[in-house]
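# Remarks on the overall topology
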Amino acid sequence: MPPSQPVWLFDLDDTLHRADAGIFRLINRRMTEFMARELSLSLPEASDLREHYWRHYGATLGGLQQHHPQVCPAEFLRQSHHLPELIAALQPMPHIDTALAALPGRKAVFSNGPAFYVHALIEAMRLGSHFEALFGVDDLALHYKPQPQAFHLVCAALAVPPQQCVLVDDSPANLQAAKALGMRTVWFGSRAQPQPCADHIVRDMRELQALTGEIM
């Protein structure tokens, strides 16, 4: 493959599917219940702490790793991602299959979710043929976006320099970290707006497909 072709790194939640339509609510509820049980907190206290860790670290798991080493990360991820109810609430982005097929270059999924969740959702959406690799947080030694280590591990696994990669993500913090490493960045979603961290802004899959001629 010519070196000029991009390697697309796709976020999963609220990028490939509409997590805000229900999946995030289900995951957050189970995370809160887990934290309340494991940390002996009330549900409101656990909910506040979960949101604080997510905002401060970029992932609730990061706060648990930093402040509660007694908590098993694998058990936290397993209990907070109950696949039957998540698959039932899954809503792929409209026109996603056509858009992914049109984009040139290699493609991978790069998610802060656990690997079993990433694989299950990609399989349920029948998108596996578009991606050569699917990365969850447990594939990356529990490093997660926006930590630079997570980006470096993905690039090493794909054997590409960051400068050849394009991150498509709905999180400005993740885009900023990617851009600092030399990646090109696409801010995806209805909240996207002009920012230094975003080389391109797209609000849906059709707009992403229209970038085909711009990113080569």
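Refer to the preceding data block for the structure.
Residues numbered from 1 in each chain as written. Predicted model: local features only at pLDDT ≥ 70, side-chain atom pairs only at ≥ 80, totals over all residues. Heavy atoms only, no water.

### Section: the state of the cysteines
Our working definition: Two cysteine sulfurs form a disulfide in these notes if their separation is within 2.5 Å.
Considering all chains together, one arrives at zero disulfides under this definition. Residue Cys155 stays outside any disulfide, its sulfur separated by 4.0 Å from that of Cys165, the closest cysteine.

### Digging into the packing of helix α1 (residues 23-39) against helix α4 (residues 73-80)
What counts, and what does not: Interaxial angle, 0 to 180 degrees, is taken between N-to-C directions of lines fitted to C-alpha atoms, where a helix line uses only the stretch in contact. Starting at the N terminus, helices and strands are each numbered in turn, a helix being any DSSP run of H or I of at least four residues and a strand any DSSP run of E of at least two. These descriptions rest on fixed angle ranges, namely under 35 degrees for roughly parallel, over 145 for roughly antiparallel, 65 to 115 for roughly perpendicular, and the rest for oblique. Should the near helix be turned counterclockwise from the far one by less than a right angle, the crossing is left-handed, whereas a clockwise turn marks it as right-handed. Two residues qualify as a contact provided that any one of their heavy atoms is within 4.5 Å of a heavy atom in the partner residue. Under the convention adopted here, Pro, Cys and the residues Ala, Val, Leu, Ile, Met, Phe, Trp and Tyr are nonpolar, Asp, Glu, Lys and Arg are charged, and Gly plus all remaining residues are polar.
It is at 8 Å that the axes of α1 and α4 come closest, and there the two elements cross at 135°. Considering their axes alone, α1 and α4 lie oblique with respect to each other. Here the hand of the crossing between α1 and α4 comes out right-handed. Residues Ile27, Arg30, Met31, Phe34, Met35 and Arg37 of α1 touch α4, and the partners they reach there are Glu75, Phe76, Gln79 and Ser80. For the contact of α1 with α4, the class distribution of residues is five nonpolar, two polar and three charged.

### As for the pairing of strand β1 (residues 7-10)
Using the following cut-off: Burial here depends on accessible area, computed with a 1.4 Å probe over protein chains only, as a share of the maximum for the residue type. Under 20% is buried, over 50% is exposed, and the range in between is partly exposed. Two strands form a pair only when DSSP identifies at least two bridges running between them.
Burial of β1 is two-sided: the residues Val7 and Leu9 facing one way and the residues Trp8 and Phe10 facing the other way are all buried. Relative to strand β2 (residues 106-110), β1 is paired through four bridges, and the arrangement is parallel. Residue pairing for β2: Trp8 is matched across the bridge by Lys107. Note: β1 against strand β4 (residues 165-169), four bridges, orientation parallel. The residue of β4 that forms the bridge with Val7 is Cys165.

Remember that the coordinates give geometry; whether it matters functionally is a separate question.
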